[in-house]
Amino acid sequence: MNDGPGTTTHVESLLRTEAPQVLGALVRRFGRFDIAEDAVQEALLAASRAWPADGVPKNPRSWLIRVGYRRMVDLLRSDQARRRREQEAGMAELAMREPARRAGPSEETDDGLTLLLLCCHPALNPASQVALTLRAVGGLTTAEIAHAHGTTEAGLGTRISRAKQQLARAGARFTMPTASDLHSRMAAVMRVLYLIFNEGYTASAGDQLSRVDLTGEAIRLTRMLGDMVPDDAEATGLLALMLLTESRRAARIGDHGGLVPLDEQDRTRWDRDLIREGTQLIDSVWSRRATGPYQLQAAIAALHAAAATPERTDWPQIAMLYLWFERLTPTAPVRLSRVVAVAQAYGPARAMALLDDLNRRHGLDQDPLTQQRERAVRAHLLQMTGDVAGATTLYREAAALTDNQVERRYLLDEADRPT
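Here the structure is a predicted model, which is why all the values come from computation and not from measurement. (Residues numbered from 1 in each chain as written. Predicted model: local features only at pLDDT ≥ 70, side-chain atom pairs only at ≥ 80, totals over all residues. Heavy atoms only, no water.)

K.L.:
Hey, could you run me through the overall build of the protein in this one?
P.N.:
Looking only at helices and strands, one finds 20 helices and two strands in the protein. A buried classification covers 49% of the 419 residues belonging to the protein. Sequence separation of 24 or more characterises 64% of the internal contacts of the protein that already satisfy a separation of 6 or more. As presented, the protein carries roughly 19,900 Å² of accessible surface, and 51% of it is formed by carbon and sulfur atoms. (Helix = DSSP H or I, 4+ residues; strand = E, 2+ residues; numbered from the N terminus. Buried < 20%, exposed > 50% of the residue type's maximum accessible area, 1.4 Å probe, protein only. Contact = heavy atoms within 4.5 Å. Areas by Shrake-Rupley, 256 points an atom, 1.4 Å probe, with all protein chains shown as cover.)

K.L.:
Could you clarify how one ought to interpret helix H10 (residues 179–201) in this entry?
P.N.:
An α-helix turns once per 3.6 residues; consequently, residues spaced three or four apart project the same way. The end-to-end C-alpha distance of H10, which contains 23 residues, comes to 31 Å, matching closely the 33 Å that a straight helix rising 1.5 Å per residue would cover. In H10, a bend of some 50 degrees at Arg 185 exceeds every other bend along the element. (Expected span 1.5 Å × (residues − 1). Bend = angle between axes of the 7 residues up to and from the residue.)

K.L.:
What's the story with a nonpolar patch on the surface in this structure? I'm lost.
P.N.:
A cluster of nonpolar side chains, namely Trp 286, Met 320, Trp 324 and Leu 328, defines an oily patch on the protein surface of about 350 Å² accessible area. No other element matches the three residues that helix H15 (residues 315–328) contributes to the nonpolar patch. Its location among the elements puts Leu 328 in helix H15. With a relative accessible area of 41%, Leu 328 lands in the partly exposed category. (Patch = residues over 30% accessible without salt bridge, like charges linked within 9 Å, V, L, I, M, F, W, Y side chains within 5 Å. Salt bridge = Lys/Arg side-chain N within 4 Å of Asp/Glu carboxyl O.)

K.L.:
Can you walk me through the side chain of Arg 135 in this structure?
P.N.:
With respect to the helices, strands and loops of the structure, Arg 135 is situated in helix H7 (residues 126–136). Judged by its relative accessible area of 19%, Arg 135 is buried. In this structure the side chain of Arg 135 is engaged in a polar contact, spanning 3.1 Å, whose partner is the side chain of Glu 37. Leaving out residues up to four positions away in the same chain, Arg 135 has contacts with Glu 37, Gln 41, Leu 140, Thr 142, Ile 145 and Ile 160. (Polar contact = N/O pair within 3.5 Å; in protein donor to acceptor, adjacent residues only side chain to side chain.)

K.L.:
Mind showing me how you'd approach the environment of Thr 133 here?
P.N.:
In this structure, Thr 133 sits in helix H7. The sequence separation of Thr 133 and Ile 196 amounts to 63 residues, and the corresponding C-alpha distance is 9.0 Å.

K.L.:
Just checking my understanding: could you explain helix H16 (residues 332–346) for this structure?
P.N.:
Taking 1.5 Å per residue as the helical rise, H16 with its 15 residues ought to reach 21 Å, and the 21 Å between its terminal C-alpha atoms agrees with that figure. Among the residues of H16, those classed as buried are Ala 332, Val 334, Arg 335, Leu 336, Ser 337, Arg 338, Val 339, Ala 341, Val 342 and Ala 343. Buried residues along H16 sit against H15, helix H17 (348–362) and helix H18 (371–385). Two residues or fewer past H16, Gly 347 is found with a positive phi of approximately 105 degrees.

Structure below.
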């Protein structure tokens, strides 16, 4: 599809970019995150219907803010049974009449990081912090967030709704937190940025492997976070990880739109500027006493980036780093990644024995976060040992479990690969 101005693709990208800024403007003026988030969603829906047909307005952010303002008043008025809501509706109308408050923020205003920190308010539990931020800042749909968490869309929707109510009850304000508050929120903030980047790098659904809007936003916000906490080694490690991973994006898609695995990528297409910056960042913090999971992942990505050819990759070192990573973060995706590294370093037989053991102890083949990839990894191991029939069956099972069309085509192609 043509993705020029006014087309559906262009509009969707623009709306995803503007949504956090519009939400920030409404929360700043009305102080009600719960209602503002609903108002923004309706403004985005109105734009998605109008703009492809009528064209994108000259100032799309102001257009969205005006529609959001009007919808805010409607929502505040809707609950006439409660006097407090009636008073807030009147206050909202007065706010719109005051010129200083009616005007939207300048185009240079960036509310993304403030909004991110609000969503990571200590009144929320970690799961709610992540879900709410992915929705408000990352612009992910409820279905996409549910996929990233291995849960149902209905359950995730309920969690987001409760999180907004908790923020309202806690009296959370749209302001930058104090230094102590920021420190307490750092783990949640970095986890959210990591998930936004991952969803962008390999989209959970759709006909595109990657979503550059999400990876770009995650990198931009992580840079801003790093500027706020320059001495935080994990924040630096997270940025390094994103840059090193993003450096390979152009080589992941072949000439005909198919997925190209790491060992088959044209490494001349890797972005050397991103590799240089990411490597310098991880080198600058690697010698510090405490090493966290983002630094470990960045170190792994740096080893891949340093290899001129697949054969020169230091897989034993990568396998060791994944073992270290697993001890720090014993999750199903990390365990499965260690299996892949062990296969490359020590052969498929040793990797298959490890995978069988991890399945017995941790059920990677049943875990919602790994059940699809576990089949793809096992299929690859069988392929390495010459069991083509077994590999074909598992590749097809893995293809049936993904909603990303590019990934699905790759897995089906692997299943049909001649012996």
